[in-house]
Amino acid sequence: MTEFRFLKACRREPVDVTPVWIMRQAGRYLPEYQKIRGKNSFLTMCKTPELAAQVTLQPVERLGVDAAILFSDILIPVEAMGVPLEFHDGKGPQLGKAIRGQKDVDSLAVPDPAEKVPFVMEAIRILRKELDGKVPLIGFSGAPFTLASYIVEGGTSKNFVQLKKLMYQAPEVYRSLMSKIAKTVVLYLNAQIAAGAQAVQIFDTWAGVLTPGDYEEYALPYTRQVVSGLNRKGVPVIHFANDCATLLTAIKTLPIDVVAVDWRIPLDVAAMVVGPDKALQGNMDPTMLFHPPEKIDDCVRDVLRRGEKASSHIFNLGHGILPPTNPEHAIAMVEAVHRLGRKV
Ligand code: CP3
């Protein structure tokens, strides 16, 4: 069997063409997603394996990307820990209980994924059958720090005041929360791997709000606990932190295969900091897809050229694709990567 170029690139093996996929590739910019979303709530879609599988496949068919990523949300295991979760249009996620003290932390469970979120593993099993060797399937989880930010703030935040108060004023409560989340994430990712996820990505969306020193003290140990606890059996681990430029020297110490970077740092500079032992993923600015399609070639060429400085490169955006993006522009980007990223 010829190995998938995405998995080869994760392992820093030679590839024919630079592989490409897009964070949030299954989502609101696709009319075929909107059609299904028009009839179902977001959480219903996450919890119905057939629907989750269907929308996961949409960008694979429409864009010709080199990997599928499971349609779900990083907050699914948070709900399973015992925090009520709601999504209202335009408001982002809202959690029904703010965790602020030791009693609150003690009330949270470390859920058994097979019991609490069986729909996630079922979607993975359906997808492996339907993908039938076409492209590999990526599973994912939020990193402990980012999940803690939602659990403590009760939703998206700007300055993370509650979370930082907890960190600085009640560090033992913070640490017991982080340990519980890390244990939850280990079980959750291992269940995804056992169900058939062929790579996993850890999203640390809010890590960039920490100073490098605080990142090493308050976030990194728990991400390390997660990565060290995985039954990987050859499954590559990708780590994405948004706004990561100042954190790369810490992130590169993790036993991960791929460092995914946001668009704020040029990829050749990131390669210099990370060094040759890890592949890089990224990092075109998602707003560059608002250029006319004929300009997108230049944007792709620049990222590919800088990516040559990495020991291996997986093309992606530097963060999720934005809902107002024209799908034709995303297609133009994928096509440009496959044309300009040819190695043989
Ligand atoms: O990448 C993919 O295509 C896989 C699916 C995926 C979703 N969310 C689907 C989604 C993944 C990997 C995520 C991860 C996620 N969820 C993150 C980390 C990644 C990142 O972007 O940094 C975060 C922070 C969340 C929490 C979350 N979920 C937010 C902030 C939002 C947006 C709220 C809004 O209305 O803008 C969501 C909702 C969400 N997750 C949507 C999708 C397709 C939109 C839901 C809808 O259809 O209304």
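Further up the page is the structure itself.
Rules used throughout
- Residues numbered from 1 in each chain as written.
- Predicted model: local features only at pLDDT ≥ 70, side-chain atom pairs only at ≥ 80, totals over all residues.
- Heavy atoms only, no water.
- 1 Å grid on protein atoms, 1.4 Å probe; cavity = no way out; pocket = protein on both sides within 12 Å on 5 of 7 lines; lining within 4 Å.
- Points joined across faces, edges and corners; volume = space filled by probe spheres on them.
- Helix = DSSP H or I, 4+ residues; strand = E, 2+ residues; numbered from the N terminus.
- Nonpolar A, V, L, I, M, F, W, Y, C, P; charged D, E, K, R; others polar.
- Salt bridge = Lys/Arg side-chain N within 4 Å of Asp/Glu carboxyl O.
- Buried < 20%, exposed > 50% of the residue type's maximum accessible area, 1.4 Å probe, protein only.
- Axes fitted to C-alpha atoms, helices over the stretch in contact; angles between N-to-C directions.
- Parallel < 35°, antiparallel > 145°, perpendicular 65-115°, else oblique.
- Contact = heavy atoms within 4.5 Å.
- Left-handed = near helix turned anticlockwise from the far one by under 90°.
- Pairing = 2+ DSSP bridges.
- Near = heavy atom within 4 Å.
- Polar contact = N/O pair within 3.5 Å; in protein donor to acceptor, adjacent residues only side chain to side chain.
- Areas by Shrake-Rupley, 256 points an atom, 1.4 Å probe, with all protein chains shown as cover.
- Sits in = over half its atoms within 2 Å of the grid points.
- Phe/Tyr/Trp six-rings, centres within 6.5 Å; stacked < 30°, edge-to-face > 60°.
- Lys NZ or Arg CZ within 6 Å of the ring centre and 35° of its normal.

Asks: Help me out: how do you make sense of empty space enclosed by the protein in this one?
Replies: One way to see where empty space is left: roll a probe the size of a water molecule over the atoms. For the structure shown, the criterion picks out one cavity of 30 Å³ or more. Taken as a whole, the largest cavity holds about 40 Å³ of empty space. Every residue lining the largest cavity is listed: P77, A80, P111, D112, P113, K116, V117, T184 and Y188. Contributing elements (two or more residues each) for the lining of the largest cavity: α5 (76–81), α7 (113–116) and α11 (171–195). Looking at the lining of the largest cavity, its residues break down into six nonpolar, one polar and two charged.

Asks: Would you mind going over the pattern of salt bridges with me for this structure?
Replies: Once the charged atoms of two side chains with opposite charge are near each other, the side chains can pair. One pass over the full model with this rule turns up 17 salt bridges. One salt bridge connects R62 with E32, and the closest N-O pair in it is separated by 2.8 Å. Highlighted residues: R62 in helix α4 (residues 49–63) and E32 in helix α2 (residues 31–37), separated in sequence by 30 residues. Linking R37 and D89 is a salt bridge whose minimum nitrogen-to-oxygen distance equals 2.9 Å. On the criterion of sequence distance, the pair formed by R37 in helix α2 and D89 in the loop between β2 (85–88) and β3 (92–95) is long-range, its members being 52 residues apart.

Asks: I'm lost on helix α9 (residues 144–153) in this one. Help?
Replies: Counting along an α-helix, one turn takes 3.6 residues, and residues three or four places apart therefore face a common direction. Counting buried residues along α9, ten of its ten residues qualify, which places the element largely inside the surrounding structure. Within α9, the full set of buried residues consists of P144, F145, T146, L147, A148, S149, Y150, I151, V152 and E153. Downstream of α9 by a residue or two, G154 has a phi angle that is positive, lying close to 85 degrees.

Asks: Which parts of the structure should I look at to understand the packing of helix α10 (residues 161–169) against α11?
Replies: Two quantities define a packed helix pair, namely the angle between the helix axes and the distance between the axes. Running from N to C, α10 and α11 cross one another at 115 degrees; their axes reach a closest spacing of 5 Å. The angle between the axes of α10 and α11 places the two elements in the roughly perpendicular class. Contacts between α10 and α11 involve L163, L166, M167, Y168 and Q169 from the first element and P171, V173, Y174 and L177 from the second. Partitioning the contact of α10 with α11 into residue classes produces eight nonpolar, one polar and no charged.

Asks: Help me understand the packing of helix α15 (residues 293–307) against helix α16 (residues 327–340) in this model?
Replies: It is at 9 Å that the axes of α15 and α16 come closest, and there the two elements cross at 45 degrees. On the basis of the axis angle, α15 is oblique to α16. Crossing geometry of α15 relative to α16 is assigned as right-handed. Touching P293, I296, D297, V300, R301 and L304 of α15 are H329, A332, M333, A336, V337, R339 and L340, all from α16. Looking at the contact of α15 with α16 residue by residue, the class counts come to nine nonpolar, one polar and three charged.

Asks: Which parts of the structure should I look at to understand the environment of K8?
Replies: Along the polypeptide, K8 turns up in helix α1 (residues 5–10). Sequence-wise, K8 and P19 are eleven residues apart; in three dimensions their C-alpha atoms are separated by 9.3 Å. When residues no more than four places from it in sequence are discounted, the contact partners of K8 are E3, E13, P14 and V15.

Asks: What exactly am I supposed to notice about the pairing of β3 here?
Replies: Each regular strand carries side chains that alternate between the two faces of the sheet. Here β2 pairs with β3 via four bridges, running antiparallel. Residue pairing across strands places E86 opposite Q94, the latter belonging to β3.

Asks: What exactly am I supposed to notice about unusual backbone geometry here?
Replies: Working note: non-glycine residues mostly have negative phi, and peptide bonds are mostly trans. Cis rather than trans, the peptide bond between G282 and N283 has omega equal to -10 degrees. Along the chain, N283 falls in strand β8 (residues 279–284). Phi at R24 is positive, roughly 60 degrees, even though this residue is not glycine. Its location among the elements puts R24 in the loop between α1 and α2.

Asks: When you look at the site of the ligand in this model, what are you seeing that I'm missing?
Replies: Looking at the ligand, there are 23 residues lining it, with R24, Y33, D73, T205 and H319 nearest. The contact in question runs from an oxygen atom of the ligand to an N or O atom on the backbone of A26, over 3.1 Å. Calculation on the ligand without its partners gives an accessible area of 880 Å², and the protein chains cover 89% of this total. The site holding the ligand turns out to be the largest pocket. Elements supplying a minimum of two residues to the shell around the ligand: α2 and β3. Its residues assigned to classes, the shell around the ligand shows 13 nonpolar, six polar and four charged.

Asks: What should I look at first to understand the packing of aromatic side chains in this one?
Replies: By convention here, two paired aromatic rings are described through the distance between centres and the angle between planes. Overall, the coordinates contain eight aromatic pairs when judged by the stated rule. Taken together, a centroid distance of 5.6 Å and an interplanar angle of 85 degrees make the contact between F42 and F71 edge-to-face. Of this pair, F42 sits in helix α3 (residues 42–47) while F71 is found in the loop between β1 (68–69) and α5, placing the two residues 29 residues apart along the sequence. Here F42 and F71 have matching classes, each one buried. With a relative accessible area of 13%, F42 lands in the buried category. Following the ring pairs from residue to residue traces out a cluster consisting of Y33, F42, F71 and F87. The ring centre of W263 lies 4.0 Å from the NZ or CZ of R264, which sits over that ring.

Nothing here speaks to function; it is all geometry.
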